[in-house]
Amino acid sequence: RLTFSFPIKPGGKPLRFKVNLDKSGTIMGVSVFRGSELQPFQTLPDCGALQFPDHLNENWFDAEISEVLLHADLNFDGFEDLELLQYYIPHLDKRLYCIYLWDKETGRFSYSKDLTEIAVNLEPHPENKTLTAHEDWFGGVYADRTYHWIGAKLELIEERGRLYGSSDPKCGFTDHCEELVNGKMITTLERPATCTNDKGEDLDDIERICPTAATPPTPKAPAKK
């Protein structure tokens, strides 16, 4: 159940991918094969940053196994890239992945540190060439982040979510929104959330709608004398 197959580009021949485990069931990497070849042409190690908390075993459901190795065009170059599971927290539905981008020049995968650092429930959006990442923590705190590519560089363009604590003692959290404007992240919303009234009764949360940051006007050139 740990062998996967898919083409790198539409209409191409599928490659085979075999997820490698150690004796305890910890994910150690993935081997990549062409066609029916018995020897891999590339073996990718795991990220090595985190220990896999729940070792893989025969009790894992097919739906869980299917999430161990994913593929998608994450840099929108027309080729599929690899996502190898490195950390899974079931009760938060939180998955972190090692990311390997396909290099069409070398015909091999290469590790992407930038993408791996944000690869929490990562989702590509080819219609506008952005990537979104969603992360949950205990107690209802979360963050949604949106990125786009500037050449080979990944850039954060929007962030929104909920943080612990508030400037209002009657509120337990703070909702926030930030947006990239002229190269800087601008806060467009910062509002107390999950508040109580004077009687200690819970108040309904106001729906968080992130406003669009106003783009600062371009300074006018001084008038010529």
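From a predicted model like this one, the values you see are computed outputs, not experimental measurements. (Residues numbered from 1 in each chain as written. Predicted model: local features only at pLDDT ≥ 70, side-chain atom pairs only at ≥ 80, totals over all residues. Heavy atoms only, no water.)

Asks: Sorry if this is basic, but what is going on with the overall build of the protein here?
Replies: In terms of regular secondary structure, the protein is built from two helices and 14 strands. A total of 225 residues make up the protein; the buried ones form 40% of that total. With the model as given, the accessible surface of the protein reaches about 13,800 Å², and the carbon-plus-sulfur share is 54%. (Helix = DSSP H or I, 4+ residues; strand = E, 2+ residues; numbered from the N terminus. Buried < 20%, exposed > 50% of the residue type's maximum accessible area, 1.4 Å probe, protein only. Areas by Shrake-Rupley, 256 points an atom, 1.4 Å probe, with all protein chains shown as cover.)

Asks: Explain the sheet that holds strand β5 (residues 69–72) to me, please; I cannot follow it from the model alone.
Replies: Strand-to-strand pairing in sheets goes through backbone hydrogen bonds, with the strands running parallel or antiparallel. One open sheet holds the four strands; their spatial order is β5-β6-β7-β8, and the pairing between them is antiparallel. Both outer strands of the open sheet, β5 and β8 (108–111), are each paired with one neighbouring strand and no more. The mean inter-strand angle of the sheet, taken between neighbouring strand axes irrespective of direction, is 35 degrees. (Pairing = 2+ DSSP bridges. Axes fitted to C-alpha atoms, helices over the stretch in contact; angles between N-to-C directions.)

Asks: Any chance you could explain the pairing of strand β11 (residues 142–150) here in plain terms?
Replies: Successive residues of a regular strand alternate their side chains across the two faces of the sheet. In this sheet, β11 lies alongside strand β10 (residues 130–136) in antiparallel orientation, the contact comprising seven bridges. Opposite L131, over in β11, you have Y147 as the bridge partner. Bridge analysis of β11 against strand β12 (residues 153–164) gives nine bridges, and the strand direction is antiparallel. Its bridge partner lying in β12, I150 is registered against K153. Linking two consecutive strands that pair antiparallel, namely β11 and β12, is a turn of two residues; a positive phi of about 65 degrees is found at G151 within it.

Asks: How should the side chain of Q42 be read in this particular structure?
Replies: Relative to the helices and strands, Q42 is located in strand β4 (residues 42–45). Among the polar contacts listed, one links the side chain of Q42 to the backbone oxygen of F109, at a separation of 2.6 Å. Those residues in contact with Q42 that lie beyond four places of it in its chain are V30, S31, V32, R108 and F109. (Polar contact = N/O pair within 3.5 Å; in protein donor to acceptor, adjacent residues only side chain to side chain. Contact = heavy atoms within 4.5 Å.)

Asks: Honestly, the packing of aromatic side chains in this entry has me stumped. Any pointers?
Replies: The description of an aromatic ring pair rests on the distance of the ring centres and on the angle between the ring planes. Across all of its chains, the model carries five aromatic pairs by this definition. Aromatic side chains Y164 and F173 sit 5.7 Å apart centroid to centroid with 35 degrees between the ring planes, which places their arrangement in the tilted category. For Y164, a relative accessible area of 53% puts it in the exposed group. Aromatic rings pair up to connect F6, F17, W102 and F109 into one cluster. The cationic tip of R34 hangs over the ring face of F41; the distance from NZ or CZ to the ring centre is 3.8 Å. (Phe/Tyr/Trp six-rings, centres within 6.5 Å; stacked < 30°, edge-to-face > 60°. Lys NZ or Arg CZ within 6 Å of the ring centre and 35° of its normal.)

Asks: So what exactly am I meant to see when it comes to the pairing of β12 here?
Replies: Across seven bridges, β12 lies against strand β13 (residues 171–181) in antiparallel orientation. Bridged to Y164 within β13 is F173. The loop that links β12 with its antiparallel partner β13 comprises six residues; one of these, G165, has a positive phi angle of about 90 degrees.

Asks: Sorry, what's going on with the pattern of salt bridges here?
Replies: Under the defined criterion, the tally for this structure stands at seven salt bridges. One salt bridge connects R145 with E135, and the closest N-O pair in it is separated by 3.8 Å. Of this pair, R145 sits in strand β11 while E135 sits in strand β10, and the two are ten residues apart along the sequence. A relative accessible area of 15% places E135 in the buried class. When the shortest N-O distance is used, the salt bridge between R162 and D175 registers 2.7 Å. Of this pair, R162 sits in strand β12 while D175 sits in strand β13; the two residues are 13 residues apart in sequence, bridging distant segments of the chain. Taken together, the salt bridges that share partners define one network made up of E135, R145 and E159. (Salt bridge = Lys/Arg side-chain N within 4 Å of Asp/Glu carboxyl O.)

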